[in-house]
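These are the residues of each chain, in order.
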Amino acid sequence: MLEQQLANGIFQGSVYALFAVGYALVFGILGALNLAHAAIFMWGAMAAWAIVTLANVPFPVAIVIALALAAALGVLTELIGFRPLRGHPLAELSPLIASIAIGVILQGLALRAFGADPMRLPADTIPRDPVTLAGVTITPIQPFILMTSVALVAALHYMIRRTSFGRQMRAVAADQRTAAMLGIDADRVASVTFLVASFLGGVAGILLSLNFDVVSWTMGDQIQLKGLTAIVLGGMGSIPGAAVGGLLIGLLEVLSVAFLTSQMRDAVIFVVFFAVLLLRPRGIFGRWVNPAG
Amino acid sequence: MLWPHRAVTALLAMLVVAGCAAPATTQPTPTGAAPTPSPTATPRAELKLGAALAMTGFAASFGQAQKQAIELAAKDINARQDGPRVTVVVEDTASDPRQAITVFQKLINVDRVAAILGPTSTQESESADPIAQQAKVPVVAISNTGLTLLNIGDHIFRVSMSEASVIPNAVKYVKQQSAATRAAIIWGSDDDFTKSGHEVFLKAFGTEAIPLVSDQSFAKGDLDFTAQLTNIRSQNPQVLAVSAQVQEGALILQQARRLGINATMIGGNAFNNPLLIQQAGAAAEGVIVGAAWDSTAPGPRQQFIEAYRSAYSAAPNQFAAQAYEAVFILHDAAKVAQTSTDRSAIRDGLLKVRRTGVLGDFSFFPTREPNYTPMVQQIKNGAYVVVGR
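Residues numbered from 1 in each chain as written. Chains lettered and ligands numbered in written order. Predicted model: local features only at pLDDT ≥ 70, side-chain atom pairs only at ≥ 80, totals over all residues. Heavy atoms only, no water.

Student: Explain the overall build of chain B here, please?
Tutor: In terms of helices and strands, chain B carries 12 helices and 15 strands. Sequence separation of at least 24 residues holds for 69% of the intrachain contacts in chain B that already meet a minimum separation of 6. (Helix = DSSP H or I, 4+ residues; strand = E, 2+ residues; numbered from the N terminus. Contact = heavy atoms within 4.5 Å.)

Spelled out as structure tokens, the structure:
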């Protein structure tokens, strides 16, 4: 039973991780939380579903179009909700509020367009029959989910640490004004940051919808809180931190159900969350940054 | 993004046009009878009803179906030359008790409706119904199953049966069929409806002497139930009770079968919904559903299902059926009371309504609880089959 529970936790955690990384990327580079991220996550899954079902396009093609859409929504969010507010007296708060509004609008659009009922992908889109390996029951899609998540987080880490664009991102993260004086196009960096974060959010949405075979306009609601918890646990703005935080929450959820009671699940997560805030407020991987200088 | 949105909008527009065009052509003319006198001779009185429904928020899936059913009922009533015309003012409660209060105030004081249908969820009703009670406006609940709702006052009625009326029969049926000795339950711990289902299931297992071996809960909006189901699987129950709304319920059925749990699964009112079968697919086969509405009996039910299907190209669920019938019940109450505006007279009229319709033979108990027969259904070959009462 423990092997099964660990497997449950790892698969669930890997989707949380991929989702949380999108939050962390935007926060780490631009210092702002994008609360429309959960709506973009939902739109990734929703668009893939809609394109497959309504336009009868092969699933891989639909995924590519849906991810392009999710990335475009991210760029649009930055353009509408973040860029005009840069340098605003309440620069910390106003983009946050703007992103909440964009999230609500995106969710409302999905409700309008596709209705409130949850939907499934057509029967032959993905293999659904479970297999049992060494007492652990998994679906064929689950190893794929895990590998995709790990590969994408690793690729993102490489991009930030090892490429010249990654260097520009880190320069903007360190100080936007100085980076701009050094000839870095901060607007472009912001756009690309949102593009990448939203692409990852879209992938997480599609993976989650594949794992549970469901798409609905509310699917971003629960993961939003899990993602925020993950980035605080891991350390605000740290990519590896967000990934580890996401995985940790997936495992904590499952293990609290397995060894305590299911009614304690959310309590356990938030007790751990609270303990981290008290004992190590910068999170597991976070470096302490003094906002005063 | 643009094209699926546009395609859907275009599709909706087509449906609306089709829906408007269709009924105009079906005017039955009785053979040999004299032409019916022109209805312009005496203008029909107007019965103005308010509907407070969750069109957005977590209960939107129910609220939207209820709105469609209520509008269909008004159309069907107005097509017949019998009693007052019905107009319905629909307002969105956003699944939010505070907004439900505002909506009630508007319906009562601005629209001056004769009676109110709704709200969709019990927690909205607990907040908003006292407003109507105070203003002496009758309320007919169409999907509230909370145990204490009617204590709010003598103007609150409901056509929905509580889980306590439907679940014990289902548990009894399963015990008779399989002599089960181990039961497990999975339930939503943050929703009045699924919480009362949990209580009722535990009591029913006690009555039928089936020991409970695993008790697992989840939260609204969860997608992953494998941790709880893995616990349940390790206890090897023969019966698994699922007290969940249809969204979570469909996922639970799928994930339970995927993990290899082969217990007989039982659900309550929320599972009497074609969406469950559509969502859960093969995993819904064999599920036992204790429910208030028999969708299989011939007569008015099939006419309703047909009309709903052709108007909205989807099968109605139990809550839509209850909403549809509630409009007719209020219309009957207005006819009995011979008024379309006197709220107190309509309230008294409700207690005198006796009708045979979409819910079968229907009346209210003096307690304002509904009086009709629940049944036990089983899902077989992707359809509901009545297996007991």
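Student: Can you help me understand the overall build of chain A in this one?
Tutor: A count of helical and extended segments in chain A gives 11 helices and two strands. Ordered by position from the N terminus, the helices and strands of chain A form the series α-α-α-α-β-β-α-α-α-α-α-α-α. At 19 Å, chain A has a C-alpha radius of gyration in line with the 19 Å of a compact globule built from 293 residues. The principal-axis extents of the C-alpha atoms in chain A amount to approximately 55 × 50 × 35 Å. For chain A, the proportion of its 293 residues judged to be buried stands at 53%. In chain A, once contacts between residues fewer than 6 apart in sequence are set aside, the share between residues at least 24 apart is 74%. Per element, the accessible surface of chain A, about 12,700 Å² overall, is 69% carbon and sulfur. Positive and negative side-chain charges of chain A, numbering 16 and 13 respectively, have mean locations separated by a distance of 11 Å. (Rg over C-alpha atoms; globule rule 2.2 N^0.38 Å. Buried < 20%, exposed > 50% of the residue type's maximum accessible area, 1.4 Å probe, protein only. Areas by Shrake-Rupley, 256 points an atom, 1.4 Å probe, with all protein chains shown as cover. Lys, Arg positive; Asp, Glu negative; His and termini not counted. Charge placed at Lys NZ, Arg CZ, Asp CG, Glu CD.)

Student: Sorry if this is basic, but what is going on with the packing of aromatic side chains here?
Tutor: Working definition: an aromatic ring pair is given by the centre-to-centre distance plus the angle between the planes. Residue and element names in this part refer to chain B. Applying the stated criterion across every chain, the model contains 17 aromatic pairs over all chains. Ring geometry for Tyr324 and Phe328: centres 5.1 Å apart, planes at 40°, overall tilted. You can see Tyr324 and its partner Phe328 sitting in helix H11 (residues 318-337), four residues apart, about one turn around the helix. Among the residues examined, Tyr324 registers a relative accessible area of 5% and is labelled buried. According to the relative accessible area criterion, Phe328 is buried, its value standing at 5%. (Phe/Tyr/Trp six-rings, centres within 6.5 Å; stacked < 30°, edge-to-face > 60°.)

Student: When you look at the pattern of salt bridges in this model, what are you seeing that I'm missing?
Tutor: Should the charged atoms of two oppositely charged side chains come close, the side chains can pair. All names here are of chain B. Inspection of the entire model under this criterion finds 16 salt bridges over all chains. Lys335 is paired through a salt bridge with Asp82; the nearest N and O atoms lie 2.8 Å apart. One end of the pair, Lys335, is in helix H11; the other, Asp82, is in the loop between helix H2 (60-79) and strand S2 (85-92), with 253 residues separating them in the sequence. Among the residues examined, Lys335 registers a relative accessible area of 31% and is labelled partly exposed. Measuring nitrogen to oxygen at the nearest pair gives 3.0 Å for the salt bridge that ties Asp348 to Arg347. Take Asp348: its relative accessible area is 37%, and that puts it in the partly exposed class. (Salt bridge = Lys/Arg side-chain N within 4 Å of Asp/Glu carboxyl O.)

Student: Sorry if this is basic, but what is going on with the pairing of strand S15 (residues 383-388) of chain B here?
Tutor: Residues and elements named next belong to chain B. By the bridge criterion, five bridges tie strand S14 (residues 375-380) to S15 in an arrangement that is antiparallel. Among the inter-strand pairings, Gln377 is bridged to a residue of S15, identified as Val386. Connecting the antiparallel pair S14 and S15 is a turn made up of two residues, with Asn381 showing a positive phi of about 50°. (Pairing = 2+ DSSP bridges.)

Student: Would you mind going over the nonpolar core with me for this structure?
Tutor: As a rule of thumb, nonpolar side chains are buried together in soluble globular proteins. With 121 residues, the main nonpolar core has Leu25(A), Ile186(B), Leu229(B), Leu240(B) and Leu253(B) as its most contacted residues. In terms of residue count, the dominant contributor to this core is helix H2 (residues 37-55) of chain A (14 residues). Residues within four places of Leu229(B) in sequence aside, it is in contact with Ile186(B), Leu240(B), Ile252(B), Gln255(B), Ala256(B), Leu259(B) and Ile261(B). Counting 66 residues, the second-largest nonpolar core is a separate cluster that includes Val200(B), Phe304(B), Leu350(B) and Phe364(B). (Core = buried A, V, L, I, M, F, W, Y, C linked by side-chain atoms within 4.5 Å.)

Student: Would you take a moment to explain the interface of chain B and chain A for this structure?
Tutor: Size of an interface: often given as the accessible area lost when the parts come together. Contact with chain B, which involves 40 residues of that partner, is made by 39 residues of chain A. Taken together, the links from chain B to chain A amount to one salt bridge. Note that Asp222(B) is salt-bridged to Arg265(A), the shortest N-O span being 2.8 Å. For the interface between chain B and chain A, the tally reads 16 residue pairs in polar contact (both at pLDDT 80 or more). Taken together, the elements giving at least two residues each to the side of chain B that touches chain A come down to helix H1 (2-21), H2, strand S7 (212-218), helix H7 (226-235), helix H8 (246-258) and helix H9 (274-280) of chain B. Ranked by the residues each element gives to the side of chain B that touches chain A, the list is headed by H7(B), at seven residues. When the residues that make up the side of chain B that touches chain A are grouped by side-chain class, the tally is 14 nonpolar, 20 polar and six charged. (Polar contact = N/O pair within 3.5 Å; in protein donor to acceptor, adjacent residues only side chain to side chain. Nonpolar A, V, L, I, M, F, W, Y, C, P; charged D, E, K, R; others polar.)

Student: Where do I start with the sheet that holds strand S11 (residues 355-357) of chain B in this structure?
Tutor: Strand pairing in a sheet relies on backbone hydrogen bonds, with the paired strands running either antiparallel or parallel. Residues and elements named next belong to chain B. Here three strands make up an open sheet; going across it, the order is S11-S12-S13 and the pairing antiparallel. Both outer strands of the open sheet, S11 and strand S13 (370-371), are each paired with one neighbouring strand and no more. Where strand S12 (residues 360-364) meets S13, two bridges bridge the pair, whose relative direction is antiparallel. Bridged to Ser363 within S13 is Asn371. Against the sheet, H11 engages S11 and S12, with an angle of about 155° to S11. (Axes fitted to C-alpha atoms, helices over the stretch in contact; angles between N-to-C directions.)

Student: Just checking my understanding: could you explain the side chain of Ser198(A) for this structure?
Tutor: Here Ser198(A) is to be found in helix H8 (residues 186-212). Among residues more than four places away in sequence, those in contact with Ser198(A) are His37(A), Ile40(A), Ala70(A), Ala71(A) and Gly74(A).

Student: What is the right way to look at the pairing of S7(B) in this model?
Tutor: Residue and element names in this part refer to chain B. The pairing of strand S6 (residues 183-188) with S7 spans six bridges and is classified as parallel. Residue pairing across strands places Ala183 opposite Leu212, the latter belonging to S7. Viewed along the sheet, the connection from S6 through helix H6 (residues 192-207) into S7 turns out right-handed. (Right-handed = clockwise from strand over helix to strand, strands pointing away.)

Student: Can you walk me through the packing of helix H1 (residues 2-30) of chain A against helix H5 (residues 141-162) of chain A in this structure?
Tutor: A packed helix pair is summarised by two numbers, namely the angle formed by the two axes and the spacing between the axes. All names here are of chain A. Across the interface, H1 lies against H5 with an axial gap of 9 Å and an inter-helix angle of 25°. Taken together, the axis directions place H1 and H5 in an arrangement best described as roughly parallel. Every pair of crossing elements has a handedness; the one defined by H1 and H5 is left-handed. Taken together, the residues of H5 that come into contact with H1 (itself represented by Ile10, Phe11, Ser14, Val15, Leu18, Val21 and Leu25) are Gln142, Pro143, Ile145, Leu146, Ser149, Leu152, Val153, Leu156 and Ile160. Broken down by class, the residue content of the contact of H1 with H5 amounts to 13 nonpolar, three polar and no charged. (Parallel < 35°, antiparallel > 145°, perpendicular 65-115°, else oblique. Left-handed = near helix turned anticlockwise from the far one by under 90°.)

Student: Would you explain a nonpolar patch on the surface in this entry?
Tutor: Residues and elements named next belong to chain A. Together, Leu2, Leu6, Phe259, Leu260 and Met264 make up an exposed nonpolar region whose accessible area comes to about 480 Å². Within the secondary structure, Leu2 sits in helix H1. Residue class for Leu2 comes out partly exposed when judged on its relative accessible area of 42%. (Patch = residues over 30% accessible without salt bridge, like charges linked within 9 Å, V, L, I, M, F, W, Y side chains within 5 Å.)

Student: Can you walk me through the sheet that holds S14(B) in this structure?
Tutor: Residues and elements named next belong to chain B. If you trace the seven strands from one edge of the open sheet to the other, you get S7-S6-S8-S9-S10-S14-S15, paired in mixed fashion. The sheet is open, and its two edges are formed by S7 and S15, each paired on a single side. Across the sheet, the mean angle separating the axes of adjacent strands is 25° when strand polarity is ignored. Most of the contacts of helix H5 (residues 163-178) go to strand S10 (residues 288-291), to which it runs at about 150°, and overall it touches strand S8 (239-243), strand S9 (264-267), S10, S14 and S15.

Student: Sorry if this is basic, but what is going on with the confidence of the model for chain B here?
Tutor: Note that predicted coordinates carrying low pLDDT should not be read in detail. Counting all residues, the mean pLDDT for chain B is 87, and 89% of those residues have values of 70 or more. Across residues 7-40 of chain B the pLDDT falls below 50, and counting only partners more than four positions away or on other chains, this stretch makes seven contacts in the model. (pLDDT = per-residue confidence, 0-100.)

Student: When you look at helix H11 (residues 265-279) of chain A in this model, what are you seeing that I'm missing?
Tutor: Residues lying three or four places apart along an α-helix face the same way, a consequence of the helix completing one turn every 3.6 residues. When the terminal C-alpha atoms of H11(A) are compared, their 21 Å separation across 15 residues agrees well with the 21 Å that a helix rising 1.5 Å per residue should span. Where H11(A) is buried, its residues touch helix H9 (219-234) and helix H10 (239-259) of chain A together with H7 of chain B. (Expected span 1.5 Å × (residues − 1).)

Student: How should I be thinking about helix H12 (residues 343-350) of chain B in this particular structure?
Tutor: Residue and element names in this part refer to chain B. Within H12, the full set of buried residues consists of Arg343, Ile346, Arg347, Gly349 and Leu350. Projected down its long axis, H12 carries its buried residues within an arc of 160°, all on one side. Two to three positions downstream of the cap, the backbone nitrogen of Ser344 sits 3.1 Å from a side-chain oxygen, assigning the N-cap of H12 to Asp342. (Arc of directions from axis to C-beta.)

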